[in-house]
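Remarks on the overall topology
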Amino acid sequence: MNLLDLLLEPLQYDFMVRALAATVVAAVVCALLSCWLVLVGWSLMGDAVSHAVLPGVVIAYILGAPFALGALAFGLLAVALIGVLRDTSRVKEDAAIGIVFTTLFALGLALISVTPSQTDLNHIIFGNILGVSDGDLIQIGALAAVALVVLLVKRRDLTLYAFDPTHAFAIGLSPRLLGAILLGVLALTAVVALQVVGVILVVAMLIIPGATAHLLTDRFGRMLVIAPILSAACSVIGIYLSYWLDAASGALVILVQGVVFTLVYLFSPRHGVVGRRMARARAA
């Protein structure tokens, strides 16, 4: 079997085509958002929102409502609760994030354990990308499109907010509003990625691409190009590996992203560990 056969064989199955399409869409929107999350320092916030959506998904299942609706509602609820707890008590933001997301995640696990279901709800936690239906694919595409439009329309304001919120305020922008927009897009994007890799691994798709691109370039505009390209490529490779190795698709997508990050961390020309040492050696 030659290389072309290896590439084309999985595409004979509709579920693989849907899996590839859904994963690439989710990877691109997550990668774009991750560039801002990395700069703002909201990695933990991404973790919080991605875990906090779990009870919303389970409640939506119980009520017969779309999963995305419940997930989005609880993602926004988590953001609001974190803000209230931070602003109305002595609890600092990192502690507020930890309290809210662990409590909501525990609520989701409790609901799963007591909800009679003929459907295996564990796919919410671990992902089930190979089970994506045509309806799911349309939903993922629609939510991703909304997130992408917001990010692209507000990219200049969000970039200024990420680098210098004080200057953003001085020129008439509202840092609080921009932060709220970013958090809203975060909740929306978490819902998109949820159906691909599950609750637990969503945070990886929201952080690794931006962190990897940040090690490859000092220009934010280039980050916005590098991150989605790398993320989409890792997603395709991960899905193909899952087909040939008969392993968990979501886990392999994240594993490939982690391997790429490790290689960039070590060998990036300017910011890689090996690259810096070689530069110092030449200077000496």
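Here the structure is a predicted model, which is why all the values come from computation and not from measurement.

**Describing a nonpolar patch on the surface**
A contiguous nonpolar surface patch, about 960 Å² in accessible area, is contributed by L3, L4, L6, L7, L8, L11, V17, I237, L241, W244 and L245. Within the residue set of the nonpolar patch, elements represented by two or more residues are α1 (3–8) and α12 (220–245). By secondary structure assignment, the location of I237 is in helix α12.

**Quick notes on the nonpolar core**
In this structure, L33, W36, L151, L182, L186, M205 and L206 are the most contacted members of the largest nonpolar core, which totals 78 residues. Looking at this core, the element that brings in the most residues is helix α11 (residues 175–216), giving 23 residues. In this view, L206 contacts C30, L33, S34, L37, G46, L186 and T189; residues no more than four positions away in its chain are not counted.

**Remarks on helix α5 (residues 67–87)**
Here α5 contains 21 residues, and its C-alpha end-to-end distance of 30 Å stays within 8% of the 30 Å for a straight helix at 1.5 Å per residue. Of the positions making up α5, those classed as buried are A68, G70, A71, F74, G75, A78, V79, I82 and G83. Elements that come into contact with the buried residues of α5 comprise α3 (43–52), α4 (54–63), α6 (93–114), α8 (134–153) and α11.

**Regarding the packing of aromatic side chains**
Summed over the entire model, instances satisfying the criterion amount to six aromatic pairs. Taking 5.7 Å as the distance between ring centres and 40 degrees as the angle between the ring planes, the aromatic pair formed by Y13 and F15 counts as tilted. On the basis of an interplanar angle of 85 degrees and a centroid distance of 4.9 Å, the ring pair of Y243 and W244 is categorised as edge-to-face. One aromatic cluster is present, formed by Y13, F15, Y243 and W244 through successive ring pairs.

**Looking at the side chain of S231**
Summarising the element assignment, S231 is placed in helix α12. Ignoring any residue separated from it by four or fewer positions in sequence, one finds S231 in contact with A27, A31, P209 and Q257.

Definitions and limits used
- Residues numbered from 1 in each chain as written.
- Predicted model: local features only at pLDDT ≥ 70, side-chain atom pairs only at ≥ 80, totals over all residues.
- Heavy atoms only, no water.
- Patch = residues over 30% accessible without salt bridge, like charges linked within 9 Å, V, L, I, M, F, W, Y side chains within 5 Å.
- Areas by Shrake-Rupley, 256 points an atom, 1.4 Å probe, with all protein chains shown as cover.
- Salt bridge = Lys/Arg side-chain N within 4 Å of Asp/Glu carboxyl O.
- Helix = DSSP H or I, 4+ residues; strand = E, 2+ residues; numbered from the N terminus.
- Core = buried A, V, L, I, M, F, W, Y, C linked by side-chain atoms within 4.5 Å.
- Buried < 20%, exposed > 50% of the residue type's maximum accessible area, 1.4 Å probe, protein only.
- Contact = heavy atoms within 4.5 Å.
- Expected span 1.5 Å × (residues − 1).
- Phe/Tyr/Trp six-rings, centres within 6.5 Å; stacked < 30°, edge-to-face > 60°.

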